[in-house]
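# An overview of the molecular structure
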Amino acid sequence: MNSMWLIAREEWRYWVRSRLARVSVLIFVGLIIASSLFSTLQTLDARHQRLHQQEVAEQTFLSQPARHPHRMVHYGHYAFRPPPPLAVFDPGIDVVTGQSIFLEGHRQNTAMFADARAQAKAGGFGILTPAMVYQILFPLLLIIIGHDIVAREREARTLAPLMGQGVTGITLYCGKALALLGLVGVLALPVLLVSVMSVLLGESIPAGLFLTLTYALFLTCWSALLLLVSFAFKTRGIILAVLMLFWLFGTLIIPRIAVATGDASFPTEGKILTDLRMKDDLREIGDGHNDADPTFSKLKAELLAQYNVGNVEDLPMNFRGVVASTAEARLTKTLNDYAEKRMERESRQSRIIRDFGALSPFLAVGHASKSIAGTDLKSHHRFLREAEVLRFGYVQALNEVHAGQIAYSDDINRSSDQGAEKRTRVDPENWRVLKQFRFETSGTNARLARAAPSLSFLTIWTLGLLGVGVLLARGASP
Amino acid sequence: MTISVSNLFVERSGKTVLRDVSFHIDKGEVYALLGGNGAGKSTTLLSLLGFIKPGKGQMHVLGENPETHPAKVRASVAYLPEAATLYPHLDAYENLEYFLGLAGFKVGQARLDEALDTVDLQQPARADRMESYSKGMRQKVAIALAVLRDAPVLLLDEPTSGLDPVAIDDFNRLVRSLAGDGRTILMVTHDVYGACQVANRIGLLRRGDMVGFFEAKAGQRIHTEHVHRAFAERAAV
Ligand SMILES: Nc1ncnc2c1ncn2[C@@H]1O[C@H](COP(=O)(O)OP(=O)(O)OP(=O)(O)O)[C@@H](O)[C@H]1O
Ligand SMILES: [Mg+2]
């Protein structure tokens, strides 16, 4: 126990005195600080901007003058997605998915890049997120500092005097492991700081804690690999080569294979093809602006029978409004079917990539991190669904106003009769049917549950590497 | 019998490097193991420490079997490895404190200085990092470490290699006085003259075989010429 401490302390003293260790830690920590600062400023700005723009959009909608409700359906509205607090550390897929959607009648628009300009302003630095520094570069730092943790002693022939003092292979392993854990502790400080900051910004404490632990676990996993390889091979060159190969496979090759496998298993139908099929489906729904469209004749007959009248003019509601509402409902169902299918396919692909985390700690930590931060695909899909609920809600509410407050005769004559046109303008009070929209990050438990499979991969990797490492260390000799 | 080795066979990388080696050392004795390069001298010490597992044969150090209880053996043995180097980024004090700490010893500065005086390491160099030491200076610190371990058994692999003639004489005196205190010393060396000066017994190894054995008569030393001749005739590679 005491020897273990001594060995760890000695390793720390060596690192403090080693120029290579000092300089590389400085460079990498400088990098993480710079990228955290950039990311913080950018994310906070985006968060502020989008919350503000959401309010402005609502104000603008509400302050529209009296007009025909269907014009408001087309006037449209916006849904913004403010980044969650932990996006400061890991913006996840949010950097490639849109963060705002233009909402209007009869259409589901795709999300737009709200922060494309912000990205450009950051001079591309925004691409190097703190999460990426941790996932890609910190393993390299560990390799630089730790690849010779045993080999150095072997080369300098200090292993013989060391073990001659009664230090067993296991003690040596534990001492070196403790030294690396200390380094991991230091390297985990930046993510801890960012997590604390996120908690101050409203993130839950467990989420911040788990994000920090996730990265500490990832770095521990790498330390375990370093130790295993150090005890498995005797020469520095081979150790370095094995570690670099592992990094290359885990970080570059397996993720590529994972993405390719995901694509191949659930191929994305060509966008043009899907669009064409969707257009066909939509054509059958009929044009909601034209109550004479034959697709609505059944609806017309039913209504006439229900109210026992002979003419649409005699219905107690505006038939055009009913048609608009019915068409919107049918169209939305079709659009949602397509959207759900697309999201289902994306989810399956992303699950395959997640499961490849069993082969690559890099993929595992990436998935866990995004899930905890709330910047994963699930969160994006939820945003799309909630924005759609908002869209459908206000469009149908306006259609109800259309059906209930405007006389059919005024409606059909409004282009020829100025008086009729005036009467089709409804009071702006009606614009209040628009619901307030504030997108919230999923609850902590849901996010942690999503991260659980990847966290177990990381844990299994770490325990496995530690176990094999200890076995190898048992037979260590100078 | 403090150390006993009987019918020891050792293989390294599939090659037999010790063949039917037997010897024993009593308490307070100095045993010198002589032999050409690659004869198996260092291998013998590594086996006694349990670092190398023998193929056949029996070994005991203070009644313990190093094969089954290496930790117990290492705890009672001060081992000076061949071409010992300590940490270049530490000074002599730091090195000694560290290695003694690993063995469970806490030694004060005065005691460290005393040991470094014994091996005659110049005072001003002691607080310099060992990367600036000459080979002989490093060897002196390693010897000081073995002395400071205060162990009943010392296994020394070429302790005088790199030392100047005066330091070698000092060292030989040190070995005699340690033995006089009742310590048992097994020493590997290429220095026939030195071996004859300090050893009660001398064993001659040649390519893994014990080919010669000399024992000092009471109150006398082993004759250097005898050993020299035997070495040239039987032990040369
Ligand atoms: N690490 C090793 N792996 C495999 N064989 C080894 C190893 N070290 C030594 N040997 C072999 O074991 C034999 C004995 O080596 P050993 O180091 O015991 O010789 P030695 O008597 O100490 O020689 P020297 O006087 O040169 O130090 C030699 O044939 C050598 O080739
Ligand atoms: Mg040797």
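Details of the structure are given in the entry above.
Values in this document were obtained by computation on a predicted structure and should not be read as measured data.

Before going further, it helps to spend a moment on the layout of surface pockets. Sizing a probe to match a water molecule and rolling it over the atoms shows the empty space that remains. Residues and elements named next belong to chain A. Size it by volume and the largest pocket reaches roughly 1400 Å³. Taken together, 44 residues make up the lining of the largest pocket; nearest its centre are Gln 108, Thr 110, Lys 271, Met 278 and Arg 342. Those elements giving two or more residues to the lining of the largest pocket turn out to be strand 2 (100-104), strand 3 (107-108), helix 12 (271-285), helix 14 (319-355) and helix 16 (377-405). At 11 residues, the largest contribution of residues to the lining of the largest pocket is made by helix 14. Looking at the lining of the largest pocket residue by residue, the classes come out as 18 nonpolar, 11 polar and 15 charged. Taken as a whole, the second largest pocket encloses approximately 1100 Å³ of empty space. For the second largest pocket, the lining is made up of 38 residues, of which Ile 93, Ile 353, Leu 363, Gly 366 and Lys 370 are closest to its centre. For the lining of the second largest pocket, the secondary-structure elements that each account for two or more residues are helix 5 (130-146), helix 11 (236-265), helix 14, helix 15 (361-373) and helix 16. Here the lining of the second largest pocket is built from residues that sort into 15 nonpolar, 13 polar and 10 charged.

Let us now look at the environment of Trp 12 of chain A. Residues and elements named next belong to chain A. Among the secondary structure elements, Trp 12 is positioned in helix 1 (residues 2-17). For the pair formed by Trp 12 and Gly 182, sequence separation is 170 residues and the distance between their alpha carbons is 8.3 Å. Those residues in contact with Trp 12, other than ones at most four positions away along the chain, are Trp 5, Leu 178, Ala 179, Gly 182 and Leu 183.

Let's shift gears to the site of ligand 1. Residues and elements named next belong to chain B. The environment of ligand 1 is formed by 15 residues, the closest being Gly 38, Lys 41, Ser 42, Thr 43 and Glu 82. Glu 158 places a side-chain nitrogen or oxygen 3.3 Å from an oxygen atom of ligand 1. If ligand 1 stood free it would expose 630 Å²; the protein chains cover 67% of that surface. Elements represented by at least two residues in the shell around ligand 1 include exactly strand 2 (15-25) and helix 1 (41-48). At 3 residues, helix 1 tops the list of elements feeding residues into the shell around ligand 1. Along the lines of polarity and charge, the residues of the shell around ligand 1 split into 2 nonpolar, 8 polar and 5 charged.

All names here are of chain B. Bound to the magnesium ion (ligand 2) on the protein side are Ser 42 (OG), Glu 82 (OE) and Glu 82 (OE), at distances that span 1.9 to 2.7 Å. Here Ser 42, found in helix 1, pairs with Glu 82, found in the loop between strand 5 (77-80) and helix 3 (92-102); they are 40 residues apart in sequence, far enough to count as distant. Judged by relative accessible area, Ser 42 falls into the buried class, the value being 17%. Judged by its relative accessible area of 30%, Glu 82 is partly exposed.

Strand pairs in the sheet, formed through backbone hydrogen bonds, run parallel or antiparallel to each other. All names here are of chain B. Read across the sheet, 3 strands follow the order 2-1-4 without closing on themselves; strand pairing throughout is antiparallel. Among the strands making up the open sheet, the edge pair consists of strand 2 and strand 4 (56-61). Averaged over all adjacent pairs, the angle separating strand axes in this sheet is 25°, with direction ignored. As paired strands, strand 1 (residues 3-12) and strand 2 are joined by 7 bridges and run antiparallel to one another.

A few words now on the interface of chain B and chain A. At the junction of the two partners, chain B supplies 21 residues and chain A supplies 22 residues. Linking chain B with chain A are 2 salt bridges. A salt bridge links Glu 94 of chain B to Arg 13 of chain A; the nearest nitrogen and oxygen atoms lie 3.6 Å apart. Where chain B meets chain A, there are 8 residue pairs in polar contact (both at pLDDT 80 or more). Put simply, the parts of the chain that give the side of chain B that touches chain A at least two residues each are strand 5 and helix 3 of chain B. Ranked by residues supplied to the side of chain B that touches chain A, first place goes to helix 3 of chain B with 5 residues. The residue makeup of the side of chain B that touches chain A, split by class, is 13 nonpolar, 3 polar and 5 charged.

About the thresholds
- Residues numbered from 1 in each chain as written.
- Chains lettered and ligands numbered in written order.
- Predicted model: local features only at pLDDT ≥ 70, side-chain atom pairs only at ≥ 80, totals over all residues.
- Heavy atoms only, no water.
- 1 Å grid on protein atoms, 1.4 Å probe; cavity = no way out; pocket = protein on both sides within 12 Å on 5 of 7 lines; lining within 4 Å.
- Points joined across faces, edges and corners; volume = space filled by probe spheres on them.
- Helix = DSSP H or I, 4+ residues; strand = E, 2+ residues; numbered from the N terminus.
- Nonpolar A, V, L, I, M, F, W, Y, C, P; charged D, E, K, R; others polar.
- Contact = heavy atoms within 4.5 Å.
- Near = heavy atom within 4 Å.
- Polar contact = N/O pair within 3.5 Å; in protein donor to acceptor, adjacent residues only side chain to side chain.
- Areas by Shrake-Rupley, 256 points an atom, 1.4 Å probe, with all protein chains shown as cover.
- Donors = N, O, S within 2.8 Å, 3.2 Å for Na, K, Ca; no water.
- Buried < 20%, exposed > 50% of the residue type's maximum accessible area, 1.4 Å probe, protein only.
- Pairing = 2+ DSSP bridges.
- Axes fitted to C-alpha atoms, helices over the stretch in contact; angles between N-to-C directions.
- Salt bridge = Lys/Arg side-chain N within 4 Å of Asp/Glu carboxyl O.

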